[in-house]
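Structural overview for review
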Amino acid sequence: MQKRRIFIAALTFKIVFMAGSVCLGQVLENNSQQGKPANSSSLHKGTAVVITGAASRIPQEAALLEQLCESGWLNDVAFISGASSGALNTVVLNAILNKTFSWERYKKILFGITNSQVYERGDKKLPLNTQPLGNLLRRIVQDTLGYSVIGDLPFPSAMSATRIKLVPPEKQTMRFSNKLINAESNPAYNLVDVLMASAAIPLVFPPVRIRNVDDFPEETFLDGGISDDHIPFEAVLQYQRLRGNEVERLIIVSRKSDSVQNIQDELASIGLKDSKVLEKLGITLQRYSKDSFVKKLLELQQLYPALALRTYIYVPDFDSNYPLLNFNTMKDQYRVTSAWAKQNQPVLLSEYLRENKVPKE
């Protein structure tokens, strides 16, 4: 019965997708002929929330999101986008905004997480065995929140993963959504599969296959933040094109970033160096650095200046440092970030970029 329900939902969605694509294309064509953008007569509506990857720093982003909720910044959320561990925070934020879950319950879960509940070292040093993470996500997402497929999420949302082909070398960012924003949108995708794929740090965690749905090919995926969606705002642009008007504001939530050297030192301590294969795909683990974060924000400012004027950045700044793969410090990270968040509000993108310069190469 469950499989039949999912099949019917997927088939219905595909039909709507095809019809919606035709209608949306006609609207865009008509408006183009009139010399007007599709949203020229529409007001900006709602808030979009973009959550970056964080690995073991996921409680930092959770603490920031809790403060945003309490201070009224998230009273009118229209769309949520996340990559890597930010995808899990996307799912949890759905439940909290829908008032079927609470921050207190989420914190209780986060504070109980340890390294052994995320990964184990197998016979080989790398990649790490992430079966414990799969079990943890099923307990949180399916058993506690009651979400099985992307279509169960109550708010328009997207989660990024990077499709990888080794022969010939190729990578492509896929933004899996419960709304009709792109070709890979489909409500029938298994939510845990997508979360596991989105969080598969290259070389550290094994690649993930997302179970086949409809005509979408079953392929290998890695971390959603290693390619175009280091900051996953592209899904917001896709959502705006679908909806026909722009969001009133965009809030980018991220964890405290590392320097490139700190990341290299930490990964070297577990025996990791960028492989030649990943280099051919244009993937480097420097994507997790602060420099990469700032460069992506500059890209947003340059390519989408109108949206940039309504974009806010919320990134904590404190003295403590937490390794990327140490999940034994969840409670302390939440405490430190929460204390910072209570004293600081999101800042405009332009202000953030004035204070954070990318070193010249």
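Anything mentioned here points back to the structure above.
Notes on the structure follow.

Description of the pattern of salt bridges
By the definition in use, this model includes seven salt bridges. A salt bridge links Arg 310 to Glu 246; the shortest N-O distance between them is 2.7 Å. Of this pair, Arg 310 sits in the loop between helix H11 (305-308) and strand E8 (311-314) while Glu 246 sits in the loop between helix H7 (234-243) and strand E7 (249-253); the two residues are 64 residues apart in sequence, bridging distant segments of the chain. Among the ionic pairs, Asp 332 bridges to Arg 335, the shortest N-O distance being 2.4 Å. A residue pair is termed a helical-turn pair when its members lie 3 or 4 positions apart in one helix, as Asp 332 and Arg 335 do in helix H12 (residues 330-341) at three residues. By relative accessible area, which is 31% here, Asp 332 ends up partly exposed. Overall, the relative accessible area of 54% leaves Arg 335 in the exposed class. Taken together, the shared-partner salt bridges in this structure form one network comprising Glu 66, Glu 104 and Lys 107.

Overview of the packing of helix H2 (residues 58-70) against helix H3 (residues 85-97)
For the pair H2 and H3, interaxial distance at closest approach is 10 Å and the crossing angle is 30°. In terms of orientation, H2 and H3 fall into the roughly parallel class. As for the relative orientation of H2 and H3, their crossing is right-handed in sense. Taken together, the residues of H3 that come into contact with H2 (itself represented by Ile 58, Glu 61, Ala 62, Leu 65 and Cys 69) are Ser 85, Gly 86, Leu 88, Asn 89, Leu 93 and Leu 97. Broken down by class, the residue content of the contact of H2 with H3 amounts to seven nonpolar, three polar and one charged.

Considering the packing of aromatic side chains
For the coordinates displayed, the defined rule picks out 13 aromatic pairs. With centroids separated by 5.6 Å and ring planes inclined at 80°, the aromatic side chains of Phe 111 and Tyr 334 adopt a geometry described as edge-to-face. Here Tyr 334 lies in helix H12 and Phe 111 lies in helix H4 (residues 103-111), a separation of 223 residues in the sequence. Assessed through its relative accessible area of 31%, Phe 111 is described here as partly exposed. Among the aromatic side chains, those forming a connected cluster through ring pairs are Phe 101, Trp 103 and Tyr 106.

Here we look at the pairing of strand E1 (residues 47-51)
Of all five residues that make up E1, five are buried, and the element is covered over most of its length. Here E1 shows a buried face lined by Thr 47, Val 49 and Ile 51 and a second buried face lined by Ala 48 and Val 50. Where E1 lies against strand E2 (residues 77-83), five bridges are found, and the strand directions are parallel. Directly across from Thr 47, in E2, lies its bridge partner Val 77. Taken together, E1, H2 and E2 form a β-α-β motif whose crossover is right-handed. Where E1 lies against E7, five bridges are found, and the strand directions are parallel.

Here's the deal with H3
In this model, H3 (13 residues) spans 18 Å end to end at C-alpha, consistent with the 18 Å of a helix rising 1.5 Å per residue. Burial within H3 is extensive, with 13 of its 13 residues counted as buried. Once H3 finishes, Lys 99 follows within two positions and takes phi at roughly 65°, a positive value.

Topic: the side chain of Asp 193
Mapping Asp 193 onto the fold places it in helix H6 (residues 191-198). Classification of Asp 193 as buried rests on a relative accessible area of 9%. For Asp 193, the residues in contact, after removing those within four places along its chain, are Val 208, Arg 209, Ile 210 and Arg 211.

Procedures and definitions
- Residues numbered from 1 in each chain as written.
- Predicted model: local features only at pLDDT ≥ 70, side-chain atom pairs only at ≥ 80, totals over all residues.
- Heavy atoms only, no water.
- Salt bridge = Lys/Arg side-chain N within 4 Å of Asp/Glu carboxyl O.
- Helix = DSSP H or I, 4+ residues; strand = E, 2+ residues; numbered from the N terminus.
- Buried < 20%, exposed > 50% of the residue type's maximum accessible area, 1.4 Å probe, protein only.
- Axes fitted to C-alpha atoms, helices over the stretch in contact; angles between N-to-C directions.
- Parallel < 35°, antiparallel > 145°, perpendicular 65-115°, else oblique.
- Left-handed = near helix turned anticlockwise from the far one by under 90°.
- Contact = heavy atoms within 4.5 Å.
- Nonpolar A, V, L, I, M, F, W, Y, C, P; charged D, E, K, R; others polar.
- Phe/Tyr/Trp six-rings, centres within 6.5 Å; stacked < 30°, edge-to-face > 60°.
- Pairing = 2+ DSSP bridges.
- Right-handed = clockwise from strand over helix to strand, strands pointing away.
- Expected span 1.5 Å × (residues − 1).

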